[in-house]
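Spelled out from the first residue to the last, the chains are:
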Amino acid sequence: MIVTNDKGIRDLKHDIATEVCRLTWEGKLNSEEKERIVFRVSPGPKPEYRCCVYKEREIVRERIRLASGLNADVNNDTKNVVQVIRPACDDCPTSTYSVTDNCRFCLGRACINSCRFGAITRGERRMHIDPQKCKECGMCAKACPYDAIIHLERPCKKVCPADAISWDEYGFCNIDDSKCIHCGHCIHSCPFGAIGSRIFLVPVIEAIKAGKRVIAMCAPASEGQFGKEIGMSALREALKKVGFAEMVEVGLGGDMTAAYEAKEWLEARKEGRKMTTSCCPAFISMLRHQFPKQYEENKSNTVSPMVAVNRYLKSQDPDCVTVFIGPCIAKKGETLNEFIADNVDYAITFGEMSSLLESRDVELLPVDTVYQEASVHGKRFASSGGVAAAVMEAMKEMGEDTSDITLLQCAGGAECKKALMMLKAGTLKEDFIEGMMCPGGCVGGPSSHKTEPELIRFRVGLLGKADDRKILDNLKQYPMDRFSMYRDGHLDS
């Protein structure tokens, strides 16, 4: 799970999102009410968490804009769902190499002698590194006999697997839209809460209020996130109380994706071609941005479970409004992805769902009813290895021998990038790559609500209650011939 001890930030975000939802239900989300939120959160005259109350209030204003589905900065026209709250971003050091008090002004001056750029000079109490001249080669840190020079990397940049983060001359963080894969790892890594994402609760509420048939789609990672007794049935009941017409578990889409990826993998295997999975949008974005040739040649053309369920629902009711709920920021980016047709209308995180429920005073409570639309294999898409295991299961159900198939399961940005580099270099030994950008898989996403041990324990109990239906048998209940399971939109002949 990619979180720091950021409870204060999460509480602030939740408070603002809940209040924005309440005002939207009441039809009062106007500029005057938004300012009331600002002054309630930061009443003054003394600041609570920043240098001055005026900066605090500007941060709250930008968070309200994000919570309303708008860009944080009114003057920024970016389409990226991950955005920088600039008033909150100014306290990180701009120099990545710094000299500590361990410096002894030694006679050897190994640091100065090692620097080829003239960036190091003698300061008043220790050596000084000029950030304008420093090229961040790290030679001075290696040369210092006292380990007095340390490498300070901004938390957001450190966790970014796509090298999409830099900063300007004033120290403000910049996100390169052409590189960003919307994984959201930077959001919870920032100790100042200076990075957030656009929240699409306002249009969801407005659609419900307008009487539209709004359908919730809960990710396989949902089971276990809210306790050992809160499974899909409990989520379904709570969401219907809020105003959703129905809820469908996206594990069903896992069954769909597994069946169709199995067909693709079998065909690719006959051709001697390696393939990657298609479920994680952040992994696919990395593939498209950094490995374009492999994106065209090795990526599965099957849509993700989210898109699969959306297309199924739209084939039954073209006018319905679909809302994906999960632990993933990248799913928000996927909904706006121009490379995928017939996509989900909106995506929200578990934390945002909690704000939505609280805004209507709805609690998540255990229920006695049983709701299951996915096989246990589709449900396990949420964990690292689950996608590949489901595809292999589908192959076996097709009567194929899978005993000699080899898989590479990657979870986390570093593992995914390493696997794709091997694929590009032609040194990948395995037949297929399962790529998930978050450690542990989707269950470890940025909006995950539990620690990994808790999740494993709760999910074992909840998934143990599922019946033993097979993937292909389960799909016989659904009109798979009515919609496309492929990114290019073609139907099976």
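Residues numbered from 1 in each chain as written. Predicted model: local features only at pLDDT ≥ 70, side-chain atom pairs only at ≥ 80, totals over all residues. Heavy atoms only, no water.

## Some points on the overall build of the protein
Next up, step 1: For the protein, the helix and strand inventory stands at 20 helices and 15 strands.
Next up, step 2: Whereas a compact globule of 493 residues would reach a radius of gyration of roughly 23 Å, the protein reaches 25 Å, a difference of no more than 12%.
Next up, step 3: When its C-alpha atoms are laid out on the principal axes, the protein stretches across 80 × 60 × 40 Å.
Next up, step 4: With 493 residues in all, the protein has 55% of them scored as buried.
Next up, step 5: Surface summary for the protein: the accessible area is close to 22,400 Å², and the carbon and sulfur share equals 49%.
Next up, step 6: Distance between charge centres in the protein, computed from 67 positive and 69 negative side chains, equals 4 Å. (Helix = DSSP H or I, 4+ residues; strand = E, 2+ residues; numbered from the N terminus. Rg over C-alpha atoms; globule rule 2.2 N^0.38 Å. Buried < 20%, exposed > 50% of the residue type's maximum accessible area, 1.4 Å probe, protein only. Areas by Shrake-Rupley, 256 points an atom, 1.4 Å probe, with all protein chains shown as cover. Lys, Arg positive; Asp, Glu negative; His and termini not counted. Charge placed at Lys NZ, Arg CZ, Asp CG, Glu CD.)

## Focus on the state of the cysteines
Next up, step 1: In the structure shown here, the tally under the stated rule is zero disulfides.
Next up, step 2: Note on C134: no disulfide assigned, nearest cysteine sulfur contributed by C140 at a separation of 6.3 Å.
Next up, step 3: Of all cysteine sulfurs, the one in C218 lies closest to C320, which takes part in no disulfide; the gap is 15 Å.
Next up, step 4: Exposure remark for C320: the relative accessible area of 2% places this residue in the buried category. (Disulfide = S-S within 2.5 Å.)

## Digging into the sheet that holds strand β15 (residues 432-436)
Next up, step 1: What the three strands build is an open sheet, ordered β11-β15-β14; its pairing is parallel. Across the chains shown, the open sheet's two edge strands, defined by having one partner strand only, are β11 (275-276) and β14 (407-411).
Next up, step 2: Here β14 runs beside β15; their pairing, made up of five bridges, is parallel. Looking at β15, one finds that Q409 is bridged to E434.
Next up, step 3: In this fold helix α17 (residues 386-397) packs onto β14 and β15, with an angle of close to 140° to the strand it touches most, β15. (Pairing = 2+ DSSP bridges. Contact = heavy atoms within 4.5 Å. Axes fitted to C-alpha atoms, helices over the stretch in contact; angles between N-to-C directions.)

## Focus on the side chain of S448
Next up, step 1: Relative to the elements of secondary structure, S448 occurs in the loop between β15 and α19 (452-463).
Next up, step 2: Among the residues examined, S448 registers a relative accessible area of 8% and is labelled buried.
Next up, step 3: For S448, the side chain forms a polar contact with the side chain of Q225, separated by 3.5 Å.
Next up, step 4: At a separation of 2.8 Å, a polar atom in the side chain of S448 contacts the main-chain carbonyl oxygen of V443. (Polar contact = N/O pair within 3.5 Å; in protein donor to acceptor, adjacent residues only side chain to side chain.)

## As for the environment of L29
Next up, step 1: Note on placement: L29 falls in the loop between α1 (7-26) and α2 (31-41).
Next up, step 2: Residue L29 is classed as partly exposed on the basis of its relative accessible area, which comes to 26%.
Next up, step 3: Along the sequence, L29 and S68 sit 39 residues apart, while their C-alpha atoms lie 9.0 Å from each other.

## Some remarks on the pattern of salt bridges
Next up, step 1: Tallying each qualifying case throughout the model produces 23 salt bridges.
Next up, step 2: A salt bridge links K13 to E352; the nearest nitrogen and oxygen atoms lie 4.0 Å apart. Residue K13 is found in helix α1, and its partner E352 is found in helix α15 (residues 350-359); the two are separated by 339 residues along the sequence.
Next up, step 3: A residue is classified by how much of its surface remains accessible, and K13, at 25% relative accessible area, is partly exposed.
Next up, step 4: The salt bridge involving K470 is made with E393; its shortest N-O contact spans 3.9 Å. Taken together, the positions of K470 in the loop between α19 and α20 (471-475) and E393 in helix α17 put the pair 77 residues apart, joining distant regions of the chain. (Salt bridge = Lys/Arg side-chain N within 4 Å of Asp/Glu carboxyl O.)

## Observations concerning the sheet that holds strand β13 (residues 346-349)
Next up, step 1: Pairing is parallel in the open sheet, where four strands are placed in the order β10-β9-β12-β13. The outermost strands of the open sheet, each flanked by one partner alone, are β10 (246-249) and β13. Ignoring which end each strand starts from, the neighbouring axes of this sheet average 25° apart.
Next up, step 2: With four bridges connecting them, strand β9 (residues 214-218) and β10 associate as parallel partners. Residue pairing for β10: A216 is matched across the bridge by M247.

## Brief notes about the packing of aromatic side chains
Next up, step 1: Tallied over the full model, the rule gives six aromatic pairs.
Next up, step 2: Both rings, one in Y312 and one in Y478, keep their centres 5.4 Å apart while their planes meet at 90°; by these two values the pair is edge-to-face. A residue pair is termed long-range when its members are at least 10 positions apart, and Y312 in helix α13 (residues 305-316) and Y478 in the segment after α20 qualify at 166 residues.
Next up, step 3: Where Y312 meets F483, the ring centres are 6.2 Å apart and the plane angle is 50°; that geometry is what we call tilted. A residue pair is termed long-range when its members are at least 10 positions apart, and Y312 in helix α13 and F483 in the segment after α20 qualify at 171 residues. Like F483, Y312 is buried.
Next up, step 4: An aromatic cluster is built from Y312, Y478 and F483, whose rings are joined through pairwise contacts.
Next up, step 5: In this structure, R122 is placed above the aromatic ring of F105, and the distance from its NZ or CZ to the ring centre is 3.8 Å. (Phe/Tyr/Trp six-rings, centres within 6.5 Å; stacked < 30°, edge-to-face > 60°. Lys NZ or Arg CZ within 6 Å of the ring centre and 35° of its normal.)

## Here's the deal with the nonpolar core
Next up, step 1: Grouped together as the largest cluster of nonpolar side chains are 88 residues, with contacts concentrated most on L239, F244 and M256.
Next up, step 2: Counting residues per element, this core draws most heavily on helix α10 (residues 251-271), at nine residues.
Next up, step 3: Among the nonpolar cores identified, the runner-up in size contains 46 residues, and C156, A282, Y295 and I433 belong to it. (Core = buried A, V, L, I, M, F, W, Y, C linked by side-chain atoms within 4.5 Å.)

## Looking at unusual backbone geometry
Next up, step 1: Cis geometry is found at the peptide bond from G44 to P45, where omega equals 0°.
Next up, step 2: Positive phi outside glycine occurs at E136, with the angle close to 60°.
Next up, step 3: Take E136: it is sitting in the loop between β4 (127-129) and α5 (139-143).

## Structural notes on α19
Next up, step 1: An ideal rise of 1.5 Å per residue puts 16 Å on 12 residues; α19 measures up with 16 Å between its terminal C-alpha atoms.
Next up, step 2: Buried residues of α19: L455, F458, R459, L462 and L463, and no others. The arc enclosing the buried residues of α19, seen along the axis, measures out at 120°, which places them on a common side. Along α19, exposed side chains directed more than 90 degrees from the buried face belong to P453, R457 and V460.
Next up, step 3: Its buried side turned inward, α19 meets α16 (376-379). (Expected span 1.5 Å × (residues − 1). Arc of directions from axis to C-beta.)

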